Amino acid sequence: MSQFWSPIVHELKPYVPGEQPKSKDLIKLNTNENPYGPSPKVLEAIRLASSDQLRLYPDPDARELKQAIADYYDVERNQIFVGNGSDEVLAHIFHALFQHEDPILFPDISYSFYPVYCGLYQIDYQQLPLNSAFEIDVNDYLQKNGGIIFPNPNAPTGCLLALDKIEQLLQENTESVVVIDEAYIDFGGETAISLVNKYPHLLVTQTLSKSRSLASLRIGFAVGHPDLIDALIRVKDSFNSYPMDSLAIKAGVEAFADQDYFKRSCKKIMDSRVWLVEELSELGFEILPSAANFIFARHPDYNASELAAGLREKNVIVRHFKHDRIDQFLRITIGTQEENQQLLAILDTLI
Ligand SMILES: *Cc1c(COP(=O)(O)O)cnc(C)c1O
């Protein structure tokens, strides 16, 4: 029945997310979810919000959530945009800020949703190769462009770009918007939100899916100059006025309030990362330096897709990408310490 499709639909190459298996017996280290649940205070807030009030539409501005984020980062509420997951926030960014004559720029190895949005909104793009250490070199981005975007730390490499490099890029590229996708910043990086008041062409996105354990609720946000935020609001209100449901708003507020819980669970994950890197190195793996809740590892003597299949047979799922430059790597999400130990025990039998 595809003769009924709008022409562009034939051209789309949709994003394929990591597998979400039904079985609870699997050790799921494939989609960078947090192995620890959300704060008990978040769960309580959701319970309290589950009431007769659900018959009402939520606040279309999600003011309460924007205020909580603004307070947390010491910016104004009109510098915050919130959306149904940062994927949706990113989609609006591509639509509202990246549809220009010149191509937008992002790394060859990066979040694989970016080219998908370009397909949807018909935006030209150019992918710039990471250097041989799989790092971003900001000097590569100093060319005419319609916008720049990359994750920091980058995905799926986990490599962090220092804040002074980002500032250098902002000083040298002033004619287009620079978007830093900080989905993993809480696991050891320094946020670029501190720079938004100095650079009106900087937009920083974050998510509550990873460091705040709320992937299921879909909460993402962007921080930047009010003019950039206005553009996003115009697109959002031409699309869906109520992207944030009332339970997500309440949970998001509480997730920012309970800083102790947040800090403790990030620390547990970072400690496990140090441990896992050490153990995997002993097995002969080479691991890129990671500032995220996952590591990107390859073994010089073993084929990555065979290792992934071997793990899968033992009920451990990791992510393997069939992209030329990285097809010998496995992306492994940091699990609970027990899960990490099981992963290691299985790899020990495979190697
Ligand atoms: C997980 C991830 C996102 C999406 O986060 P959601 O808020 O769950 O939509 C965006 N960018 C990168 C780089 C990610 O890894």
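Residues numbered from 1 in each chain as written. Predicted model: local features only at pLDDT ≥ 70, side-chain atom pairs only at ≥ 80, totals over all residues. Heavy atoms only, no water.

A. Local environment of the overall build of the chain. When its secondary structure is counted, the chain shows eleven helices and twelve strands. For a compact globule of 351 residues, the expected C-alpha radius of gyration is about 20 Å, and the chain comes in at 20 Å, within 12% of that figure. Over its C-alpha atoms, taken along the principal directions, the chain stretches across nearly 55 × 55 × 50 Å. Counting across all 351 residues of the chain, residues that qualify as buried make up 52%. Of the contacts formed within the chain by residues at least 6 apart in sequence, a portion of 73% connects residues at least 24 apart. In the structure as shown, the chain presents an accessible area of about 16,700 Å², 49% of it carried by carbon and sulfur atoms. (Helix = DSSP H or I, 4+ residues; strand = E, 2+ residues; numbered from the N terminus. Rg over C-alpha atoms; globule rule 2.2 N^0.38 Å. Buried < 20%, exposed > 50% of the residue type's maximum accessible area, 1.4 Å probe, protein only. Contact = heavy atoms within 4.5 Å. Areas by Shrake-Rupley, 256 points an atom, 1.4 Å probe, with all protein chains shown as cover.)

B. Looking closely at the state of the cysteines. Applying the stated criterion across every chain yields a total of zero disulfides. Unpaired in this structure, Cys159 has its nearest cysteine sulfur neighbour in Cys266, at a distance of 19 Å. Look at Cys266 and you get buried, because its relative accessible area is 5%. (Disulfide = S-S within 2.5 Å.)

C. Main features of the domain arrangement of the chain. For the chain, the assigned domains read domain 1 (2-37 + 260-350) and domain 2 (40-258). A C-alpha centroid distance of 23 Å is found between domain 1 and domain 2. Contacts between the two partners involve 33 residues from domain 1 and, on the opposite side, 34 residues from domain 2. Summed over both partners, the interface of domain 1 with domain 2 comes to about 2,700 Å²; 65% of that surface belongs to carbon and sulfur atoms. Interface area lost by domain 1 to domain 2 is led by Tyr15, Phe262 and Arg325, which between them contribute 27%. Counting the contacts that link domain 1 with domain 2 gives one salt bridge. Ionic pairing is found between Asp108 and Arg325, a salt bridge with its closest N-O pair at 2.9 Å. (Domains from an automatic or database assignment. Buried area = accessible area lost by both parts, 1.4 Å probe. Salt bridge = Lys/Arg side-chain N within 4 Å of Asp/Glu carboxyl O.)

D. Local environment of the sheet that holds strand E9 (residues 286-287). One open sheet holds the three strands; their spatial order is E9-E10-E12, and the pairing between them is antiparallel. Of all strands in the sheet, those with a lone pairing partner are E9 and strand E12 (329-333), marking the two edges. Bridge analysis of strand E10 (residues 294-298) against E12 gives five bridges, and the strand direction is antiparallel. Bridge assignment links Phe294 to a residue of E12, and that residue is Thr333. Along the sheet face, helix H9 (residues 259-282) touches E9, E10 and E12 and points at about 10° away from the line of E10. (Pairing = 2+ DSSP bridges. Axes fitted to C-alpha atoms, helices over the stretch in contact; angles between N-to-C directions.)

E. Molecular detail of the packing of H9 against helix H11 (residues 337-350). One way to put it is that H9 packs onto H11 with a least axis distance of 11 Å and a crossing angle of 10°. As the angle between them shows, H9 and H11 are arranged roughly parallel. Each of Ser272, Trp275, Leu276, Glu279 and Leu280 in H9 lies in contact with H11, whose residues at this interface are Gln337, Asn340, Gln341, Leu343, Leu344 and Leu347. Looking at the contact of H9 with H11 residue by residue, the classes come out as six nonpolar, four polar and one charged. (Parallel < 35°, antiparallel > 145°, perpendicular 65-115°, else oblique. Nonpolar A, V, L, I, M, F, W, Y, C, P; charged D, E, K, R; others polar.)

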